[in-house]
Structure formats: structure tokens, C-alpha cells
Amino acid sequence: MNILYTIPTCGICQVIKNKLTEKNIPFEEVSGEVAVEKFNVNKFPILETEEKVFFSPKEISNWIKEC
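Residues numbered from 1 in each chain as written. Predicted model: local features only at pLDDT ≥ 70, side-chain atom pairs only at ≥ 80, totals over all residues. Heavy atoms only, no water.

**Things to note about the overall build of the protein**
Next, step 1: Within the protein, the secondary structure is distributed over three helices and four strands.
Next, step 2: For 67 residues, the compact-globule formula gives about 11 Å, and the C-alpha radius of gyration of the protein, at 11 Å, lands near that figure.
Next, step 3: In terms of its C-alpha atoms, the protein occupies a principal-axis envelope of roughly 30 × 25 × 20 Å.
Next, step 4: When the accessible area of the protein is evaluated, it comes to approximately 4,400 Å², of which 52% is carbon and sulfur surface.
Next, step 5: Computing the positive centroid from 8 side-chain charges and the negative centroid from 10, the protein places the two 9 Å apart. (Helix = DSSP H or I, 4+ residues; strand = E, 2+ residues; numbered from the N terminus. Rg over C-alpha atoms; globule rule 2.2 N^0.38 Å. Areas by Shrake-Rupley, 256 points an atom, 1.4 Å probe, with all protein chains shown as cover. Lys, Arg positive; Asp, Glu negative; His and termini not counted. Charge placed at Lys NZ, Arg CZ, Asp CG, Glu CD.)

**Overview of the pairing of strand β1 (residues 2-6)**
Next, step 1: In terms of burial, β1 is largely enclosed, as five of its five residues are buried.
Next, step 2: Across the two faces of β1 the burial is the same, with Asn-2, Leu-4 and Thr-6 and Ile-3 and Tyr-5 all buried.
Next, step 3: Here β1 runs beside strand β2 (residues 27-31); their pairing, made up of five bridges, is parallel. Note on β2: the bridge partner recorded for Ile-3 is Glu-28.
Next, step 4: Between β1 and its parallel partner β2, the chain crosses via helix α1 (residues 11-22), and the hand of that crossover is right-handed. (Buried < 20%, exposed > 50% of the residue type's maximum accessible area, 1.4 Å probe, protein only. Pairing = 2+ DSSP bridges. Right-handed = clockwise from strand over helix to strand, strands pointing away.)

**Some words on the sheet that holds strand β3 (residues 46-48)**
Next, step 1: Judged by pairing direction, the sheet is mixed, and its four strands sit side by side in the order β2-β1-β3-β4 without closing on themselves. Edge positions in the sheet fall to β2 and β4 (53-54), since each has one partner strand and no second.
Next, step 2: The pairing of β1 with β3 spans three bridges and is antiparallel. By the bridge assignment for β3, Ile-3 is matched with Glu-48.
Next, step 3: Strand contacts of α1: β1 and β2, with the helix running at about 160 degrees to β1, the strand carrying the most contacts. (Contact = heavy atoms within 4.5 Å. Axes fitted to C-alpha atoms, helices over the stretch in contact; angles between N-to-C directions.)

Structure, rendered in C-alpha cells:
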């Protein structure tokens, strides 16, 4: 399962959620607070897939396009 770490006030997070939904890519949305502790980061969104963790919106968008 793909995990998307987001925060409520993040506009880019919403765009990524929309792109995942449009491409019918399954994901679970998780609070960014979990990512802060897990990855020691404070920028969102973060997408964790089975193969890789993406820390930038551009990387996430490129991955979505390839799916």
C-alpha cells in the first residue's frame, strides 16, 4: 500500500491526492506528524511506496505519471 503523508494546510498535498485518485492509485493518507518522527523531515507531501520514498512533489508527480 502507498502511504501519503500530508498536513491539512498543504495545497500541494491536495494536488497530489487528486492526481493519485484520478489515476486510481490506491493510497492511505497519514498525518505528517508520523513522517516527522519516521523520516525526520518537515516538508510535505511525502509518498512512501513499496519500492521507494519520495520526498518532493516533483518526484511524486513523475512517479504518478509513470504508473
